[in-house]
Amino acid sequence: VLGPLLAYCLLPPEAKRTPDAPRLAAQRLDAMGPMSDSEKVFGLVILGMVGMWATASSTGVQPVVTAVCGLATMIVSGIL
């Protein structure tokens, strides 16, 4: 619990105030454009895998099965 406070005291940040950060972030996000289809599929696969891992004890699905299914889904969909 004291780790972040100790790190802040020993290694203080160079910039403590960044009032223009939201504007800069919005500009950079606009420059990146919308998410591609492969990025959306990747996000859904990762969310599905996290859900399967979180419910592994109640569903009986082994974590290795979740990992292999996620990997196979990404390969078949062309993400990897």
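As the structure is a prediction and not an experimental result, all values here were calculated from the model.

The rules behind these values
- Throughout, residues of each chain are indexed from 1 in the direction in which the sequence is written.
- Where totals are concerned, whole chains, interfaces and linings use all residues; where local detail is concerned, this predicted model gives features only for residues with pLDDT of at least 70, and gives and counts side-chain atom pairs only at 80 or more.
- As a rule here, side-chain values cover all heavy atoms of the structure and leave hydrogens and water aside.
- Numbered from the N terminus, helices here are DSSP runs of H or I no shorter than four residues, and strands are runs of E no shorter than two.
- For the radius of gyration, the atoms used are the C-alpha atoms, and the globule rule reads 2.2 Å times the number of residues raised to 0.38.
- Using the Shrake-Rupley algorithm and a 1.4 Å probe, accessible areas are obtained, with residue cover drawn only from the displayed protein chains.
- Only four residue types enter the tally: Lys and Arg on the positive side, Asp and Glu on the negative side, with His and both chain ends excluded.
- Taken as the charge location is NZ of Lys, CZ of Arg, CG of Asp or CD of Glu.
- When a carboxyl oxygen of Asp or Glu is within 4 Å of a side-chain nitrogen of Lys or Arg, the pair counts as a salt bridge.
- Under the scheme applied here, a residue whose accessible area is under 20% of the maximum for its type counts as buried, over 50% as exposed, and between as partly exposed, the area being computed with a 1.4 Å probe on protein chains only.
- Axes here refer to lines fitted to C-alpha atoms; in helices the fit is confined to the stretch in contact. Angles between the N-to-C directions go from 0 to 180 degrees.
- Any angle between 65 and 115 degrees counts as roughly perpendicular, while under 35 counts as roughly parallel, over 145 as roughly antiparallel, and the rest as oblique.
- Any two residues whose heavy atoms approach within 4.5 Å at even a single point are treated as in contact.
- Each residue is assigned to one class: nonpolar for Ala, Val, Leu, Ile, Met, Phe, Trp, Tyr, Cys and Pro, charged for Asp, Glu, Lys and Arg, and polar for all the others, Gly among them.

1. Some words on the overall build of the protein chain
Secondary structure summary: the protein chain contains five helices and zero strands in total. Along the protein chain, from the amino end to the carboxyl end, the secondary structure elements read α-α-α-α-α. Relative to the 2.2 N^0.38 estimate, which gives 12 Å for 80 residues, the radius of gyration of the protein chain is 20 Å and therefore markedly larger than a compact globule would have. With respect to the three principal axes, the spread of C-alpha positions in the protein chain is 45 × 40 × 20 Å. Only carbon and sulfur atoms are counted for the fraction: they give 70% of the accessible area of the protein chain, which is about 6700 Å². Of the charged side chains in the protein chain, 5 are positive and 5 negative; the average position of the first set lies 10 Å away from that of the second.

2. A closer look at the pattern of salt bridges
By the definition in use, this model includes one salt bridge. One salt bridge in this structure joins D20 and R23, with 3.8 Å as the shortest N-O distance. A relative accessible area of 34% means that D20 is categorised as partly exposed. With a relative accessible area of 47%, R23 lands in the partly exposed category.

3. Focus: the packing of helix α3 (residues 37-54) against helix α5 (residues 63-77)
Running from N to C, α3 and α5 point in directions that differ by 170°, and their axes come no closer than 9 Å. The orientation of α3 with respect to α5, classified from their angle, is roughly antiparallel. Counting all contacts with α3, which are made through V41, F42, V45, I46, M49, M52 and W53, the residues of α5 involved are P63, T66, A67, G70, T73, M74 and S77. Looking at the contact of α3 with α5 residue by residue, the class counts come to 10 nonpolar, four polar and no charged.

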